[in-house]
Amino acid sequence: MAAAATRAPQMSGPSAPRKKNDTFNQKDKPTQVRLSNITAAKAVADAIRTSLGPRGMDKMIETGKKEVVISNDGATILKHMSVLHPAARMLVDLSAAQDIEAGDGTTSVVVLAGSLLSAAEKLLKKGIHPTQIAEGFQYAAIEAVKILEEISIPINLDDREFLLKSATTSLSSKVVSQYSNVLAPIVVDAVLRIVNPAVDTNVDLNDIRIVKKVGGTIDDTELVPGLVLNQNAISSAGGPTRIEKAKIGLIQFQLSPPKPDMDNQVVVNDYRQMDRILKEERNYLLNLVKKIKKAGCNVLLIQKSILRDAVNSLSLHFLAKLKIMAIKEVEREEIEFICKATGCKPIADIDSFTEDKLGYADLVEEAESNGSRIVQISGIKNAGKTASIIMRGANQYVLDEADRSIHDALCVIRCLVKKRALVVGGGAPEIEISQRLSQLAKVQTGFQSICFQAFAEAVEVIPITLAENSGLSPISIVTELRNRHANGEKSVGINVRKGTISDMLKENVVQPLLVSTSAIELSTETVRMLMKIDDILASR
């Protein structure tokens, strides 16, 4: 009896100590982690949802350095956003991945991922296991890509009209949309200049150079034959600014007195020694310039140096005397492009400065237009496949946004070189996917059927958002779209400009197949990854 009395009473309730393996039995923690991940990721998607489509709004971002960025490009906005939650950061990476893969559709991919996460959240609340949701979405995405490939229109790169339509569609959602009739031909011609349509399956956009100059309007943007340099010719010592029958040399050493590796001081107490030092310096520079002239070079590009001055007043005087045009501050990143464009080779040492390393052009001149000076090299012999675009705008913000817009349009043409097929825009392919997946959902068994239906509904977020951002009624527009697609009108989408529904092919609203397939594949992959996370742990 006493033994029974002394036995400690059994504790129950929340204060009871946990057993060692109790963590595994906690069923509510994974659910909370998933829901917090979904909420964080959806917040990012909702933040940029308003900037989707031609009537989408722009965001003004103030960076940590107090610089201002104005953009409606999804990848740019997310790159500048300060995102702390690890799950939300996955959507930033998703947008960057779409930017690398397709170049366009960076907003759509995030909005789509947000919608798929909302669908997954509803399925989780119904009690479907996250692994089953992830698997169901994967199969639905595979079917969606097949549907897109079925409804796509194959194209030939010789068909310039279709390329122009695609570039115009990409530019229509940007700040520079009213100039798309000027920019679209420039973009198409730039890409066609550097690729061979019959053979190439990719485009290296590093071969297209965009030089931004403040002054004038975007209308003045032009594709330039030859090469354009950002730097100006040095005319302070009376050097030439126009050279015909140019022989171009690109040097990676400096035309200034050499410096020792270590800091040291030389004390000169005799004016004769002073004279000798100056004489040596003069002879050293004169020898360098004479060797350059001996090789036949009359246009000299000098790479930027952080160790010492690229040129000094004495070397500029000698160059001017020998009628050699000098251009300094050439960036290290530009070297490869300039060599490819002009056919010259970079020269690291004066002893290896020979005629075979020079590039040849008919004319190198410094020209002034719209208040800014540029150096233009034209009539290049043995020129590589490169293109230069001079972009003009009223201020730096407009120029930066126009640069991003042109980059997106170039990426669209690159997508068509990679995968030569188009789909219509305006939310038409998404509605078609939604309809077809809903039909497939009826013949699936078990949880697959529910996941297919959820995926089908989630994909409709693109036309819904397009309608919302254009000030139209999303419910009536999407219902009408479903009806028209059910009647077999596969290319019917939202005409944002007229506020109605019309045939997107006749309206010339088309986009590359790769943009749409990549958006669905990448967003589904991200959602699957988020579904499989059941805990967040901090590392040491």
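Calculation criteria
- Residues numbered from 1 in each chain as written.
- Predicted model: local features only at pLDDT ≥ 70, side-chain atom pairs only at ≥ 80, totals over all residues.
- Heavy atoms only, no water.
- Patch = residues over 30% accessible without salt bridge, like charges linked within 9 Å, V, L, I, M, F, W, Y side chains within 5 Å.
- Areas by Shrake-Rupley, 256 points an atom, 1.4 Å probe, with all protein chains shown as cover.
- Salt bridge = Lys/Arg side-chain N within 4 Å of Asp/Glu carboxyl O.
- Helix = DSSP H or I, 4+ residues; strand = E, 2+ residues; numbered from the N terminus.
- Buried < 20%, exposed > 50% of the residue type's maximum accessible area, 1.4 Å probe, protein only.
- Expected span 1.5 Å × (residues − 1).
- Contact = heavy atoms within 4.5 Å.
- Pairing = 2+ DSSP bridges.
- Axes fitted to C-alpha atoms, helices over the stretch in contact; angles between N-to-C directions.
- Core = buried A, V, L, I, M, F, W, Y, C linked by side-chain atoms within 4.5 Å.

The name recorded for the protein in an unreviewed UniProt entry is T-complex protein 1 subunit delta, from Kickxella alabastrina.

A short note on a nonpolar patch on the surface
On the surface, Tyr 271, Met 274 and Leu 278 cluster together to form a nonpolar patch covering roughly 360 Å² of accessible area. Mapped onto the secondary structure, Tyr 271 falls in helix α10 (residues 271–294). Tyr 271 sits in the exposed class, given a relative accessible area of 65%.

As for helix α9 (residues 180–194)
Under the 1.5 Å per step criterion, the end-to-end length of α9 is 21 Å for 15 residues, consistent within 8% with the ideal 21 Å. Looking at α9, one finds that the buried residues are Ser 180, Leu 183, Ala 184, Ile 186, Val 187, Val 188, Ala 190, Val 191 and Ile 194.

What to know about the side chain of Asp 207
Relative to the helices and strands, Asp 207 is located in the loop between α9 and β4 (208–214). Ignoring sequence-local partners within four residues, the contact set of Asp 207 consists of Ile 194, Phe 337, Lys 340, Lys 385, Thr 386 and Ala 387.

As for the sheet that holds strand β13 (residues 387–393)
Spatially, β4-β13-β5 is the arrangement adopted by the three strands of the open sheet, whose pairing is mixed. Each of the sheet's edge strands pairs with one partner strand only, and the pair in question is β4 and β5 (222–224). Averaged over all adjacent pairs, the angle separating strand axes in this sheet is 25°, with direction ignored. Of the pairings in the sheet, the one linking β5 to β13 comprises three bridges and is antiparallel in character. Bridging from a neighbouring strand, Val 224 pairs with Ser 388 of β13. Against the sheet, α9 engages β4, β5 and β13, with an angle of about 20° to β5. On the sheet, helix α13 (residues 396–418) packs against β4 and β13 and is oriented at approximately 160° with respect to β4.

A few points about the nonpolar core
Counting residues in each nonpolar core, the largest one holds 61 residues, and the members touching the most others are Phe 137, Phe 455 and Ile 520. Take this core: its biggest share by element is 11 residues, from helix α6 (residues 106–125). In contact with Ile 520, other than residues within four places in its own chain, are Leu 112, Ala 141, Ala 144, Val 145, Leu 148, Ile 433 and Phe 455. Within the second largest apolar cluster, 40 residues are counted, among which are Ile 155, Ala 167, Met 391 and Val 510.

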